[in-house]
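Residue strings, one per chain:
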Amino acid sequence: MIIVAAIAVVGLLYSLFETGPSRFLGMADTSPIATGSVEQRFTVTDGDTVHILGERAGTRLVGFNTPETFSPQCNDERELGNRAKSRLKELVNLPNVQLTKVACACRAGTEGTDECNYGRTCGVLKVDGRDVGQILIAEGLAVPFICGGDRCPGTPRPWCGRRS
């Protein structure tokens, strides 16, 4: 077990050296990454947040917002949020999953703190080159949510009162 952990650390360091600190590749659950150099795994927190096992904080996927599962404003939001979470789980279990870390739209000095994205990092997740946010939007499980610079507009939550 210690040897496996040491190999994973060496592989991670090599991957970071080769690709830079802002680029990570990963697969869901027990699937090794496409390059085979480091085995990273995802868990899905909700429809727009994944967690790379071994990292302290989750990664908020940018460009879209999904319904809340933890604090929904209505039952429709909870149900659609659960569907979005399930669909994201399906997507991260497909081959060729790539997570690229990006800068969060936060005030200077707040990235990585609770004041910025609840301490989460930010990223873009693609499956076979397709952005999962665009997939979820096309399937009616998410809405566009674009931040810019160091701030974001109000978080869109149009799900209550809507029939899906």
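Structural data are supplied above this passage.
Residues numbered from 1 in each chain as written. Predicted model: local features only at pLDDT ≥ 70, side-chain atom pairs only at ≥ 80, totals over all residues. Heavy atoms only, no water.

Describing the overall build of the chain
- Counting its secondary structure elements, the chain contains 3 helices and 10 strands.
- Along the chain, helices (α) and strands (β) appear in the sequence α-β-β-β-β-β-β-α-β-β-β-α-β when read from the amino end.
- Across the 164 residues that make up the chain, the buried fraction comes to 38%.
- Of the contacts formed within the chain by residues at least 6 apart in sequence, a portion of 61% connects residues at least 24 apart.
- Here the chain displays about 9100 Å² of accessible surface, and carbon together with sulfur accounts for 56% of that area. (Helix = DSSP H or I, 4+ residues; strand = E, 2+ residues; numbered from the N terminus. Buried < 20%, exposed > 50% of the residue type's maximum accessible area, 1.4 Å probe, protein only. Contact = heavy atoms within 4.5 Å. Areas by Shrake-Rupley, 256 points an atom, 1.4 Å probe, with all protein chains shown as cover.)

Section: the environment of D128
- Examined against the element boundaries, D128 turns out to sit in the loop between β8 (121–127) and β9 (130–131).
- A residue is classified by how much of its surface remains accessible, and D128, at 52% relative accessible area, is exposed.
- Ignoring any residue separated from it by four or fewer positions in sequence, one finds D128 in contact with P95 and N96.
- At 2.8 Å, the side chain of D128 and the side chain of N96 are in polar contact. (Polar contact = N/O pair within 3.5 Å; in protein donor to acceptor, adjacent residues only side chain to side chain.)

Some points on the pattern of salt bridges
- Here the structure, examined in full by the defined rule, presents 5 salt bridges.
- We note a salt bridge from R60 to D48, for which the minimum N-O separation is 3.5 Å. One end of the pair, R60, is in strand β5 (residues 59–61); the other, D48, is in the loop between β3 (41–46) and β4 (49–52), with 12 residues separating them in the sequence. No difference in accessibility class separates R60 from D48, as the two residues are buried.
- For K101, the salt bridge is made with E55, and the minimal N-O distance between the two is 3.0 Å. Here K101, found in strand β7 (residues 97–102), pairs with E55, found in the loop between β4 and β5; they are 46 residues apart in sequence, far enough to count as distant.
- One salt-bridge network, in which partners are shared between bridges, spans R87, E90 and E139. (Salt bridge = Lys/Arg side-chain N within 4 Å of Asp/Glu carboxyl O.)

A look at the pairing of β3
- Relative to β4, β3 is paired through 4 bridges, and the arrangement is antiparallel. The residue of β4 that forms the bridge with T43 is H51.
- The hairpin formed by β3 and β4 contains 2 residues between the paired strands. (Pairing = 2+ DSSP bridges.)

Some details on the pairing of β4
- Burial along β4 is two-sided: the residues T49 and H51 and V50 and I52 are all buried.
- Relative to β5, β4 runs antiparallel, the two being bridged by 2 bridges. Along β5, the bridge assignment pairs V50 with T59.
- Linking β4 back to β5 in an antiparallel pair, the connection comprises 6 residues, with G54 at a positive phi of about 100°.

Details of the nonpolar core
- F42, V50, L61, L88, L99, L125 and V132 are the most contacted members of the largest nonpolar core, which totals 22 residues.
- Taken together, the elements giving at least two residues each to this core come down to β3, β4, α2 (75–92), β7, β8 and α3 (132–138).
- For this core, the element with the most residues is α2, which contributes 5 residues.
- Dropping the residues within four chain positions of it, L125 is found in contact with F42, V50, L61, L88, V92, V97, Q98, L99, R130, D131 and V132. (Core = buried A, V, L, I, M, F, W, Y, C linked by side-chain atoms within 4.5 Å.)

A few points about the side chain of T66
- Relative to the assigned elements, T66 resides in the loop between β6 (63–65) and α2.
- Not counting the four nearest positions on each side in its chain, T66 is found in contact with G47, D48, A84, L136, L141, A142 and W159.

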